[in-house]
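Structural overview
Now for the letters of each chain:
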Amino acid sequence: MFNIDEKVSALCREAEKSVRPQFERIDEICKSNTMKVHRAFYNNRISEAHFSGTTGYGYSDRGRDDLDRVYADAFECEDALVRHSIVSGTHALCIALFGLLRPGKTLLSVTGKPYDTLDEIIGIAGKKGQGSLTDFGVKYRQVELKDGRIDTDAAIAAMDDTVSVVFIQRSKGYASDRRTLSSREIGEAAKAIKAKYPGTAVLVDNCYGEFVEEHEPVYYGADVIVGSLIKNPGGSIARGGGYMAGRADLIELISYRLTSPGIGREVGATLGQNLDMYRGFYMAPHITAQALKTSVFCAEVYRRLGFKVSPEPEETRSDIILTVTLGAESLLRAFCQGIQMGAPVDSYVTPEPWDMPGYQNKVIMAAGAFVQGASIELSADGPMREPYIAYVQGGITWESGYLGVMLSVQKLLSEGLIKI
Ligand SMILES: *Cc1c(COP(=O)(O)O)cnc(C)c1O
């Protein structure tokens, strides 16, 4: 029915065989994380009563308050805020940054320039007067990674007493030339920086990292992690939202920015979203494992076709993103169009590059998701710039991920862009 060339299906069958050992490792991590989530449900006595939503102010919403506890316990930290009303990962990061920074203080990124959508929050792009951190008198500087790792010496040298937030981005995001950092190395850098500057808070953009490893960065010493519920922790079931988790005193400060000073976490109607958020979190370790299998498989297939992939299929993972360097606009476009054909929703449409709010280049996005833009579902995107890299992530069942990857190869072959 898909007119898959025999050479394409043979390539995929062979690739699948050779990545089976990686699948075993993924399954082990999944079991360990599933146990942690399960234990968090048990310890917090989650029952049906948690799933009914409140309206209006949302006072005494037990579902909301205990979901915060479940996240905190599963992520092995003191406290968390999980809200469907956080519109995206960028919004969650924005709330956390404004919650922790004050005029005259400094934000120091130790992983180079943060993810594109943070530029306008910080005020290093976009128009003045939007209310960026810069507009509010927060200073910003950054330290580059060294050989793909946090340069702890340079980070400490760049510190002073005005630095109240040290920012670490775990995932490579749209920076193809960097590694994704492991939870452990993030925690170790955080501890080294805080040994000299105990007053600083280490904030981690944890997008795409949740449940990929056995522990999150807060377990190893980071102070706060932040992420999106249409990525890993929503388990493809949450309809939207974001979270922050970590040290209780910092989560309290963030809660005053989430709603308002004096009110904090006491309000916030859940409007019937609790069931999906609980169920999604319960499934998140498994769904993340499905995405990882899809990613490892895709890496193997495209490496066999001669493309540069990162990480390599056998590398240890710390996020669900795979980059495939396609090298030309036509290939990136065809690749994304092939992935789109493997989507459950909108599989008949053809993605084209467009200007997206918050991004500095045109971006092509393949996403046919049940939840709009959910990148825990199979998706591929890339900014239209050299060297035309596709960022591939998601896949809520490994079998559908397999299909999507196979269709992308078929599309490249049909357009005469590759030879097999
Ligand atoms: C997805 C992502 C974000 C936030 O993006 P949204 O589209 O706003 O959710 C931030 N940082 C990284 C590294 C990401 O992958």
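Here the structure is a predicted model, which means the values were calculated and not measured. (Residues numbered from 1 in each chain as written. Predicted model: local features only at pLDDT ≥ 70, side-chain atom pairs only at ≥ 80, totals over all residues. Heavy atoms only, no water.)

Here we look at the side chain of arginine 317
Looking at the element boundaries, arginine 317 is found in the loop between strand S8 (308-310) and strand S9 (322-325). Looking at arginine 317, its side chain comes within polar contact range of the side chain of serine 295, at 2.6 Å. Arginine 317 has contacts with Val212, Glu213, Leu292, Ser295, Val296, Ala299, Pro311, Glu312 and Leu322, leaving out every residue within four places of it along the chain. (Helix = DSSP H or I, 4+ residues; strand = E, 2+ residues; numbered from the N terminus. Polar contact = N/O pair within 3.5 Å; in protein donor to acceptor, adjacent residues only side chain to side chain. Contact = heavy atoms within 4.5 Å.)

Here we look at the sheet that holds strand S6 (residues 224-228)
The seven strands are arranged S1-S7-S6-S5-S4-S2-S3 in an open sheet whose pairing can be described as mixed. The sheet is open, and its two borders are formed by strand S1 (79-83) and strand S3 (139-142), each paired with just one other strand. For this sheet, the mean angle separating the axes of adjacent strands, direction not counted, is 20°. By the bridge criterion, three bridges tie strand S5 (residues 201-205) to S6 in an arrangement that is parallel. Each residue of the ladder has a partner; that of leucine 203, found in S6, is valine 224. (Pairing = 2+ DSSP bridges. Axes fitted to C-alpha atoms, helices over the stretch in contact; angles between N-to-C directions.)

A look at the nonpolar core
Within soluble globular proteins, side chains that are nonpolar generally end up buried alongside one another. Formed by 85 residues in total, the largest nonpolar core has its most connected members in Leu97, Met244, Val301, Tyr302 and Phe335. When residues in this core are grouped by element, the largest group, ten residues, is from helix H9 (residues 274-304). No fewer than three residues from each of domain 1 (6-32 + 282-414) and domain 2 (52-281) sit in this core. Not counting residues up to four positions away in its chain, the partners in contact with leucine 97 are Leu107, Leu118, Ile121, Leu133, Val165, Phe167 and Leu203. (Core = buried A, V, L, I, M, F, W, Y, C linked by side-chain atoms within 4.5 Å. Buried < 20%, exposed > 50% of the residue type's maximum accessible area, 1.4 Å probe, protein only. Domains from an automatic or database assignment.)

What about the domain arrangement of the chain?
Each assigned domain of the chain is listed here: domain 1 (6-32 + 282-414) and domain 2 (52-281). Taking the mean C-alpha position of each, domain 1 and domain 2 sit 26 Å from one another. Every contact between the two is made by 37 residues of domain 1 and, on the other side, 37 residues of domain 2. Taken together, both faces of the contact between domain 1 and domain 2 bury some 2900 Å²; the carbon and sulfur share is 56%. Here domain 1 is connected to domain 2 by one salt bridge. The tally of links from domain 1 across to domain 2 stands at 18 residue pairs in polar contact (both at pLDDT 80 or more). Elements supplying a minimum of two residues to the side of domain 1 that touches domain 2: helix H1 (6-43), H9, strand S11 (362-367), strand S12 (379-383) and strand S13 (389-393). At seven residues, H9 tops the list of elements feeding residues into the side of domain 1 that touches domain 2. (Buried area = accessible area lost by both parts, 1.4 Å probe. Salt bridge = Lys/Arg side-chain N within 4 Å of Asp/Glu carboxyl O.)

What about the packing of helix H3 (residues 89-100) against helix H8 (residues 248-258)?
One way to put it is that H3 packs onto H8 with a least axis distance of 8 Å and a crossing angle of 110°. Regarding the angle of H3 to H8, the classification is roughly perpendicular. Like other packed secondary-structure pairs, H3 and H8 cross with a definite hand, here right-handed. For the pair H3 and H8, the contacting residues are Ile95, Ala96, Phe98, Gly99 and Leu100 in the first and Leu250, Leu253, Ile254, Arg257 and Leu258 in the second. Taken together, the residues that form the contact of H3 with H8 break down as eight nonpolar, one polar and one charged. (Parallel < 35°, antiparallel > 145°, perpendicular 65-115°, else oblique. Left-handed = near helix turned anticlockwise from the far one by under 90°. Nonpolar A, V, L, I, M, F, W, Y, C, P; charged D, E, K, R; others polar.)

Looking at the pairing of strand S7 (residues 242-246)
The element S7 is extensively covered by neighbouring structure, given that five of its five residues are classed as buried. Of the two faces of S7, the one holding Gly242, Met244 and Gly246 and the one holding Tyr243 and Ala245 are both buried throughout. With five bridges connecting them, S1 and S7 associate as antiparallel partners. Looking at the pairing, arginine 83 lines up with glycine 242 of S7. Pairing of S6 with S7 involves five bridges; the strand directions are antiparallel. Within S7, the position partnered with valine 224 by the bridge is glycine 246.

Some details on H1
Residues three or four positions apart in an α-helix share a direction because the helix packs 3.6 residues into each turn. Between its first and last C-alpha, H1 extends 52 Å over 38 residues, near the 56 Å set by a 1.5 Å rise per residue. Along H1, the sharpest kink reaches roughly 50°, centred on arginine 20 and followed within four residues by the proline proline 21. Immediately downstream of H1, the backbone of arginine 45 shows phi near 50°, a positive value. (Expected span 1.5 Å × (residues − 1). Bend = angle between axes of the 7 residues up to and from the residue.)

Section: the packing of aromatic side chains
Taken as a whole and judged by the stated rule, the model has 19 aromatic pairs. Relative to tyrosine 278, the ring of phenylalanine 51 has its centre 5.5 Å away and its plane inclined at 65°; by these criteria the two rings are edge-to-face. Of this pair, phenylalanine 51 sits in the loop between H1 and helix H2 (62-74) while tyrosine 278 sits in helix H9, and the two are 227 residues apart along the sequence. Ring centres of phenylalanine 75 and phenylalanine 211 lie 5.6 Å apart, and the angle between their planes is 45°; on these two criteria the pair is classed as tilted. One end of the pair, phenylalanine 75, is in the loop between H2 and S1; the other, phenylalanine 211, is in the loop between S5 and helix H7 (217-220), with 136 residues separating them in the sequence. Taking relative accessible area as the criterion, phenylalanine 75 reaches 0% and is therefore assigned buried. Given the relative accessible area of 3%, phenylalanine 211 is considered buried. (Phe/Tyr/Trp six-rings, centres within 6.5 Å; stacked < 30°, edge-to-face > 60°.)

Overview of the state of the cysteines
All told, the structure shown has zero disulfides when counted by the stated rule. Between cysteine 336, a free cysteine, and cysteine 298, which holds the nearest cysteine sulfur, the sulfur-to-sulfur gap is 11 Å. With a relative accessible area of 0%, cysteine 336 lands in the buried category. (Disulfide = S-S within 2.5 Å.)

A closer look at the site of the ligand
In the vicinity of the ligand, the residues found are Ser88, Gly89, Thr90, Leu93, Tyr115, Gln169, Asp205, Cys207, Tyr208 and Lys231. The backbone of glycine 89 places a nitrogen or oxygen atom 2.8 Å from an oxygen atom of the ligand. Here an oxygen atom of the ligand sits 2.5 Å away from a polar atom, N or O, in the side chain of threonine 90. Ranked by the residues each element gives to the shell around the ligand, the list is headed by H3, at three residues. (Near = heavy atom within 4 Å.)

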